[in-house]
Amino acid sequence: MPAFTTYDGTELAYHVRGEGEPLLCLPGGAMRASEYLGDLGGLTAGRRLVLLDLRGTGDSAIPADESTYRVDHQVADVEALRLHLGLERFDLLAHSAAGNLAQLYAAAHPDRPRRIVLVTPTSWAVELPATDEQRMAAARLRAGGAPYDTAITAYARILAGDAGGDGSDADWDLAAPLFYGRWDDAARAHWAANADQQNERAARAYAHPDAFDPPATRAALRQVAGEVLVLAGGLDGNPAPALAARLAELFPHGAVDVQPGAGHFPWLDDPARFAERVERFLATGG
């Protein structure tokens, strides 16, 4: 298992899958081990995926100072990985909560990413949070039968109970079908694995309000030289496609693509479509 030492002496692990041009991949969760990304729908057919285990997750070490779980502190970890790999410029993919890490990295190092793929990203870093209304509107697209009616009711309880989206484990399990395009055996296994893959203590620290300066980040993103693809799921409410489009507009060369029938993990819902779209963007920028 390859590893490197980052700026504060913490040893971080990464996993390499596939052959070809490297694609650095940042997992969401927040703070979930990169294992859940799998081969990203078969991107390994033409790309060498470099999947980083963020500090305190997967095979990476727990830092001595746990305040460094904050997302803005982890920008230096991404830069340390770039230097470790000897890459002048590189392609970057980030999923979900790691969308914030990718946005902050691009703001700090606008000339380093060649192309960026933001997969169903959250965007607290630029003050574009998904609202409860947007989340529930997406959930109600599933209304009309099992297991979705029960999932919608549970999700409403979660959102009503706490603005941060906390809720009982039972309610989250009931709501889980809403996060996938298909609630099949693969989706159930993927959801169940989260319990062992996520560092919940780190997740609570990740999005501390002090991590973000949205006006400064928005201004810095206008200097990003490379193309950016924001890939949204047609059934996802975090972000809904309209919010994903607003994020894409913050970049000089940003575009949005909506994968029909996909939830928050689009590489599971239609692997071939996901991999083809991402590879085409990485190869051509279009």
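Figured I'd write up the structure that's included with this text. None of the values given here were measured: they were computed from a predicted structure.

With respect to the packing of aromatic side chains
Counted according to the given criterion, the structure contains 12 aromatic pairs. Relative to W267, the ring of Y36 has its centre 6.2 Å away and its plane inclined at 50°; by these criteria the two rings are tilted. Of the two residues, Y36 sits in the loop between β3 (21-26) and β4 (47-52) while W267 sits in helix α10 (residues 266-269), which places them 231 residues apart along the sequence. Pair check on accessibility: Y36 and W267 agree, each one buried. In textbook terms, an aromatic cluster arises when at least three aromatic residues are bridged by ring pairs, as seen for Y36, Y180, W183, F265, W267 and F274.

Structural notes on the pairing of strand β5 (residues 90-95)
For β5, a buried count of six out of six residues is recorded, marking the element as mostly surrounded by other parts of the structure. What you see with β5 is no split at all: F90, L92 and A94 on one side and D91, L93 and H95 on the other are buried throughout. Sheet topology places β3 next to β5; four bridges connect them, and they run parallel. Bridge assignment links L23 to a residue of β5, and that residue is D91.

Structural notes on helix α4 (residues 148-161)
Taking 1.5 Å per residue as the helical rise, α4 with its 14 residues ought to reach 20 Å, and the 20 Å between its terminal C-alpha atoms agrees with that figure. Of the residues making up α4, those classed as buried are Y148, A151, I152, A154, Y155, I158 and L159. The buried residues of α4 occupy an angular sector of 170° when the element is viewed end-on, so they sit on one face. Structural note: α4 exposes A160 and G161 on the side pointing more than 90 degrees away from its buried face. Elements in contact with the buried residues of α4: α3 (132-140) and α5 (169-175).

As for the sheet that holds β3
Here eight strands make up an open sheet; going across it, the order is β1-β2-β4-β3-β5-β6-β7-β8 and the pairing mixed. A single partner strand is all that each edge strand has here, and the edge strands are β1 (3-5) and β8 (254-259). Strand-to-strand twist of the sheet, defined as the mean angle between neighbouring strand axes without regard to direction, takes the value 25°. Where helix α2 (residues 98-108) meets the sheet, it contacts β3, β5 and β6 (113-119), and its direction lies at approximately 145° from that of β5.

About the thresholds
Residues numbered from 1 in each chain as written. Predicted model: local features only at pLDDT ≥ 70, side-chain atom pairs only at ≥ 80, totals over all residues. Heavy atoms only, no water. Phe/Tyr/Trp six-rings, centres within 6.5 Å; stacked < 30°, edge-to-face > 60°. Helix = DSSP H or I, 4+ residues; strand = E, 2+ residues; numbered from the N terminus. Buried < 20%, exposed > 50% of the residue type's maximum accessible area, 1.4 Å probe, protein only. Pairing = 2+ DSSP bridges. Expected span 1.5 Å × (residues − 1). Arc of directions from axis to C-beta. Contact = heavy atoms within 4.5 Å. Axes fitted to C-alpha atoms, helices over the stretch in contact; angles between N-to-C directions.

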